[in-house]
Amino acid sequence: MSVETKERLITAAGTILRTQGYGKASARTIAKEADVNSALVFYHFGGVDPLLLAALDRSSAERMERHTATVADASTLEELAECATRIYRDDLEGGHITLLSELVAAAVAKPELRQEIRVRVEPWLAFMEETLERVIGGTPLARLTPPRDLANAAITFYLGVNLFTVLDADRSRTESVFAMVRRLAPRAKLLTLRAPVRFGRARGFGKARGATG
C-alpha cells in the first residue's frame, strides 16, 4: 500500500506542478490531488521539494527512454535537427517543459534546490554529448566545436526555451528558432565529412592482415 501511496503522490505532485505551479505545490494541495493525508508527504519523502524532485525524476526517466529511441537512427546534423524539434514538441505537449521550468525558477531563490537540479541535468549532458560524438566525432566540426561544448550549448538553449515558452503563447517564435536550425544544418555538411583513409595506410593494413592470416 505504501508503494501505491508514493506513486499516487508523485503523480499528484507532477500534476500540481504542471497545472498550478511551484507556488501552489504545497503538501496539502498535492495530498488532496492524490486523495491521501498530507502527513504522508513528509512520511514518504521528507518534504515537498523532495517529492517534486521525485516527480521530475520520473518524468526524466520516461523521457530519457523515449528520446534515446528518437535519436537512435540519426546519423546527420539534418536528422539531429529534426529529432531536436520532435523532442521539444514532445516535452512541451507532455508538460515536462512546464514541470522543469517551475523547478528551475524556484531554484533561483533556493540554492539547495539548485544543486539537486544541477545533478539531474548531468545525465542529459552525457546523452547529448554521446549522441553528438556518434554523429560528428572525427569530423572538422568536432574539432572546431567539440561535442561536449555543443552539449553545453544545447542544454543552455533548452533551458532557455523552457522559460521562454511561458512567454511565447502561440509558440511561433520558438518554432522559428527550430526552423532556423533545420535550415542551417545542411549547410554544415562539409564540416561533418570524415577524412578518407589514406591508400598507403589501407594497403599496409591489408598486408598486416595477410601476414597474420
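Further up the page is the structure itself.
First, a word on what this report is: a plain description of the structure on this page. (Residues numbered from 1 in each chain as written. Predicted model: local features only at pLDDT ≥ 70, side-chain atom pairs only at ≥ 80, totals over all residues. Heavy atoms only, no water.)

Positive phi is not limited to glycine here, since aspartate 35 has a value of about 60°. By relative accessible area, aspartate 35 is classed as exposed at 64%. At arginine 171, a position not held by glycine, the phi torsion is positive, near 70°. For arginine 171, the location among the structural elements is in the loop between helix H9 (147-164) and helix H10 (172-184). (Buried < 20%, exposed > 50% of the residue type's maximum accessible area, 1.4 Å probe, protein only. Helix = DSSP H or I, 4+ residues; strand = E, 2+ residues; numbered from the N terminus.)

A separate point is H9. Taking 1.5 Å as the rise per residue, H9 with 18 residues should run 26 Å; its terminal C-alpha atoms sit 25 Å apart, in good agreement. Residues Pro147, Ala151, Ile155, Tyr158, Val161 and Asn162 constitute the buried set of H9. Along the axis of H9, the buried positions cluster into a sector of 125°, meaning they face one direction only. Against helix H4 (48-71), helix H5 (77-94), helix H6 (96-107), helix H7 (111-136), helix H8 (140-144) and H10 lie the buried residues of H9. (Expected span 1.5 Å × (residues − 1). Arc of directions from axis to C-beta. Contact = heavy atoms within 4.5 Å.)

On to the packing of H6 against H7, then. It is the contact of H6 with H7, at a shortest axis distance of 8 Å, that shows an interaxial angle of 135°. As judged from the angle between their axes, H6 and H7 are oblique. The segment H6 lies against H7, with Leu103, Val104, Ala106 and Ala107 engaging Pro111, Leu113, Arg114 and Ile117. Split by residue class, the contact of H6 with H7 holds 7 nonpolar, no polar and 1 charged. (Axes fitted to C-alpha atoms, helices over the stretch in contact; angles between N-to-C directions. Parallel < 35°, antiparallel > 145°, perpendicular 65-115°, else oblique. Nonpolar A, V, L, I, M, F, W, Y, C, P; charged D, E, K, R; others polar.)

Shape is all these values report; function is a separate question.
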